[in-house]
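Chain by chain, the residues:
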Amino acid sequence: TRQDGEVVAVDLDSWDLGPGAVDDGAGVAIVTAAAACIARVAPRPRRTVRVVLFTNEENGGRGSAAYEKEEAANIAKHFAAVEADLGASHPLGILFTGKPEIQAFLAPITQVLLPQGATQTQLQAGGVGADIGPLTRAGVPSFAPWFNQQSYFNYHHTAADTFDKIDPRQLRELGGVVAVLAYGLADLQQPLPR
């Protein structure tokens, strides 16, 4: 743990009707690849990047509720939260929930993503993910990769949610976006506005 115990939580959930490749095997791959990438980078970011694999979003959000309860005394130390829970397709940029001034903090991060074309940012009222919803409601700035979700609901929560629906190139692209986003947030010199 670095920077006075502050963390950037990166998380997702899963579903069990099918193999859950789109919801949310892709998210598992994205956040674990991002964590592995960050672990290989020097210098280390100022803050800890914590990977959280939530469970039971669809049946009451018990995983995120348990995390919120367990971390209640440490919510102020949660610098940011990132959720990757909507499958995998070509990334366009970053969605965020919080104060509009956060957009300026994303500019250097999206510059790193320029070769990939993932430079758009958009303020998303109401949140960017159900699992980080408790953190968002507690005032933690929240983020998610922004990508085309047009085919996501063709497979979401169905037996057709199988690994042949995942494009490995797009999965790598999203892993890169989450790695750059998480590292960039974890290494910011000043706090994000809350």
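As a reminder, the structure under discussion sits directly above these lines.
Report on the accompanying structure. All of these numbers come straight from a predicted model, not from anything done at the bench.

A count of helices and strands for the chain gives 6 helices and 6 strands. Element order for the chain, N to C, with α for helix and β for strand: β-α-β-α-β-β-α-β-α-β-α-α. A compact globule built from 194 residues would reach a C-alpha radius of gyration of about 16 Å, and the chain, at 16 Å, matches this within 12%. The principal-axis extent of the C-alpha atoms belonging to the chain is close to 45 × 40 × 30 Å. With 194 residues in all, the chain has 47% of them scored as buried. Considering only intrachain contacts with a sequence separation of at least 6, the fraction spanning at least 24 residues in the chain is 85%.

With that out of the way, let us pick up helix 6 (residues 168-186). Note: α-helices contain 3.6 residues per turn, so residues at a spacing of three or four share the same orientation. Helix length check: helix 6, at 19 residues, gives a terminal C-alpha distance of 26 Å against a target of 27 Å (1.5 Å per residue), a fit within 8%. Where burial is concerned, most of helix 6 is hidden: 14 out of the 19 residues are buried. One side-chain oxygen of the residue at the start of helix 6 lies 2.9 Å from the amide nitrogen of Arg169, identifying that residue as Asp167.

This brings us to the pattern of salt bridges. One pass over the full model with this rule turns up 5 salt bridges. Residue Arg46 is joined to Asp187 by a salt bridge in which the shortest nitrogen-to-oxygen separation is 3.2 Å. In this pair, Arg46 sits in the loop between helix 1 (21-40) and strand 2 (48-53) while Asp187 sits in the segment after helix 6, placing the two residues 141 residues apart along the sequence. A relative accessible area of 26% places Arg46 in the partly exposed class. Residue Glu173 pairs with Arg169 through a salt bridge whose shortest N-O separation is 2.8 Å. You can see Glu173 and its partner Arg169 sitting in helix 6, 4 residues apart, about one turn around the helix. Here Glu173 falls in the buried class, since its relative accessible area comes to 14%.

A few words now on the packing of aromatic side chains. Inspection of every chain in the model, using the stated rule, returns 2 aromatic pairs. Taking 5.5 Å as the distance between ring centres and 85 degrees as the angle between the ring planes, the aromatic pair formed by Phe54 and Tyr67 counts as edge-to-face. Within this pair, whereas Phe54 is found in the loop between strand 2 and helix 2 (62-70), its partner Tyr67 is found in helix 2, the two being separated by 13 residues in sequence. Classification of Phe54 by relative accessible area gives buried; the value is 5%. Judged by relative accessible area, which is 11%, Tyr67 ranks as buried. Between the aromatic rings of Tyr152 and Phe153, the centroid separation amounts to 4.8 Å while the plane-to-plane angle is 85 degrees, which identifies the pairing as edge-to-face. Exposure remark for Tyr152: the relative accessible area of 4% places this residue in the buried category. Overall, Phe153 belongs to the exposed group, its relative accessible area being 54%. Across the ring face of Phe79, the terminal group of Arg47 is positioned such that the distance to the ring centre comes to 3.7 Å.

Turning to its location among the elements, Ser64 is positioned in helix 2. Here Ser64 is in contact with Phe54, Thr55, Ala130, Asp131 and Pro134, once residues within four sequence places are set aside.

Turning to the nonpolar core, a few remarks are in order. Counting 38 residues, the largest nonpolar core has Val82, Phe143, Leu181, Leu185 and Leu192 as the members making the most contacts within it. Here the element with the most residues in this core is helix 6; it accounts for 10 residues.

The rules behind the values
Residues numbered from 1 in each chain as written. Predicted model: local features only at pLDDT ≥ 70, side-chain atom pairs only at ≥ 80, totals over all residues. Heavy atoms only, no water. Helix = DSSP H or I, 4+ residues; strand = E, 2+ residues; numbered from the N terminus. Rg over C-alpha atoms; globule rule 2.2 N^0.38 Å. Buried < 20%, exposed > 50% of the residue type's maximum accessible area, 1.4 Å probe, protein only. Contact = heavy atoms within 4.5 Å. Expected span 1.5 Å × (residues − 1). Polar contact = N/O pair within 3.5 Å; in protein donor to acceptor, adjacent residues only side chain to side chain. Salt bridge = Lys/Arg side-chain N within 4 Å of Asp/Glu carboxyl O. Phe/Tyr/Trp six-rings, centres within 6.5 Å; stacked < 30°, edge-to-face > 60°. Lys NZ or Arg CZ within 6 Å of the ring centre and 35° of its normal. Core = buried A, V, L, I, M, F, W, Y, C linked by side-chain atoms within 4.5 Å.

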